[in-house]
Amino acid sequence: MKQTMNVTKAGTTAMCFCLIQATAIAGGPPAIEPAPEPTNDGDWCTWLSEKPGIFYKNSDNPWIQEFGLGGRFHWNAAYIQGNDINGYGFSDTHTEVRRFRLEPKLKFLNFFEAYASINMVDDATNRIAPWPGGRKLGWGYETFDQAHLTFDAKKAFSIDSVDGFKIKYGRLKHEITHEAWTSSKKLLTVERSAISNKVFGSALPTGFSFNVVKGDWDFWASIYSTDAITQFGGNTEFIGGWGDGLAYRTSVGYQATEDLSLRWDFIYNDADGKGGDDSLFRYKWVTSLSAVYDQDQWGLITDMIYGDNGGRNNGVLRQNRQGDFWGLVLMPYYWIVDDKLQGVVRYYYQGSQNAAGIRVYSRYARADHGPVVNTGINGGRGNEHHSIYAGVNYYLCGQNVKLQTGLEYEWLNTPGAGIDGEFSALTYWFGFRSYF
């Protein structure tokens, strides 16, 4: 092989020499091509979109097919001004490292995938005091966001009757409402709505989840342990046990047309708080119906929610926080400049049967605005809450890197508290979102 290459190289050199000589004899200098320009045009967007965190990929390897590392970094800034239920005005500024996560993923033995999402920052500077450890910004390992193992049953057992069948176990993201189903990497607003956060609650239960896909239909069935995570007073920050109560979830998605998708979610919480069970989900049951209409240039996202706060068994100890609750989210969006500049409007409403059955979101209406306001918004609880948000998203590199700005006005009715029983606030939002 080496000898052949040397012969070829010698032949090529001789050919070039002959061509140069022939050109010289013809009376003209040899033509010399200019050095090629560098091909690296600095297109870091392409680099990001091509999953640079995949270190190894080989579908022919029977042991390890893929290994990679992802991550996300999210940062918030906000200015809020408003009036509490006693008629006092307030204003405040907040900045927060919203998320910094590392996300290793491993595909192995042809049918398995292991995934983890690890929180690497804890920014407690905006939390309401007192808080364990104080109000500070801390870097380094904090806790797991998710950690689970997925088994591809369709592929393993060659099940041809369905298009997909996967079983997942571990510390799972609890998905209910379209806003919760949407990854934090791809939200159209800086933060989710308060009603979505009430039923989603960033809950990360230990459980099994089964997913079957057939044509335009997508079915989910899950069973969770209600063992609470550490930050809510539980006893685990990784994968919990099964010594507490159980919660049952089902979800059905349907792609009605090319532009319209529908989803129905339901969860029932069977925790026995009186018997000593943790109750990760602070309600008895909840259901939601979502619809997404996407017409390329514009679209509309809707969520309708109804549920029961439950009682002492579900960790809801005060009677005025129990009873039914409901909500509605409407979110139209429009591409002002295709794939670059997007306008978003969101209106949401949440209400409850009792005086304190719903709550405003902690970012940043319930943050620490001073000694008066801490007690002047009734803990952010009431029986009727409205919010109007209008914002613009600028996509520097698709969803991988984007800037978000928004203006949100919200008002809360909290009967039996304060002078007028109404809290209102105007928040100026800014968000930076990136992931790879």
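Rules and cut-offs
Residues numbered from 1 in each chain as written. Predicted model: local features only at pLDDT ≥ 70, side-chain atom pairs only at ≥ 80, totals over all residues. Heavy atoms only, no water. Helix = DSSP H or I, 4+ residues; strand = E, 2+ residues; numbered from the N terminus. Buried < 20%, exposed > 50% of the residue type's maximum accessible area, 1.4 Å probe, protein only. Contact = heavy atoms within 4.5 Å. Areas by Shrake-Rupley, 256 points an atom, 1.4 Å probe, with all protein chains shown as cover. Phe/Tyr/Trp six-rings, centres within 6.5 Å; stacked < 30°, edge-to-face > 60°. Lys NZ or Arg CZ within 6 Å of the ring centre and 35° of its normal. Polar contact = N/O pair within 3.5 Å; in protein donor to acceptor, adjacent residues only side chain to side chain.

A. Structural view of the overall build of the chain. Summing up its helical and strand segments, the chain has 6 helices and 19 strands in all. Residues counted as buried form 44% of the 436 residues belonging to the chain. By sequence separation, contacts in the chain at least 24 residues apart represent 61% of the contacts at least 6 residues apart. A total of about 22,100 Å² of accessible surface is found on the chain, and carbon and sulfur atoms cover 59% of it.

B. Seen up close, the packing of aromatic side chains. Enumeration according to the criterion identifies 27 aromatic pairs in this entry. Plain terms: the ring middles of Trp75 and Phe430 are 6.2 Å apart, the flat faces sit at 70° to each other, and that makes the pair edge-to-face. With Trp75 in strand 2 (residues 64-83) and Phe430 in strand 19 (residues 422-435), this pair connects stretches of sequence that are 355 residues apart. Among the residues examined, Trp75 registers a relative accessible area of 28% and is labelled partly exposed. On the accessibility criterion, Phe430 (27% relative accessible area) is partly exposed. An aromatic cluster is built from Trp264, Phe266, Trp285, Tyr306 and Trp326, whose rings are joined through pairwise contacts. Here the basic side chain of Arg263 rests over the ring of Trp181, its NZ or CZ set 4.2 Å away from the ring centre.

C. Representation of the side chain of Arg101 within the structure. Here Arg101 lies in strand 3 (residues 89-108). Relative accessible area serves as the criterion here: at 12%, Arg101 is assigned to the buried category. Of note is the side chain of Arg101, whose polar atom sits 2.9 Å from the side chain of Asn119. Of the polar contacts made by the side chain of Arg101, one reaches the side chain of Asp145; its length is 3.3 Å. The contacts of Arg101, once residues within four sequence positions are left out, are Gly70, Gly71, Arg72, Ser117, Ile118, Asn119, Asp145 and Ser184.

D. Region of the structure containing the environment of Ser251. With respect to the helices and strands, Ser251 occurs in strand 9 (residues 246-255). The exposure class of Ser251 is buried, given its relative accessible area of 0%. Between the C-alpha atoms of Ser251 and Asp218, which are 33 residues apart in sequence, the distance is 8.1 Å. Not counting the four nearest positions on each side in its chain, Ser251 is found in contact with Trp181, Asp218, Phe219, Trp220, Arg263, Trp264 and Asp265.

None of the figures reported here should be taken as evidence of function without further support.
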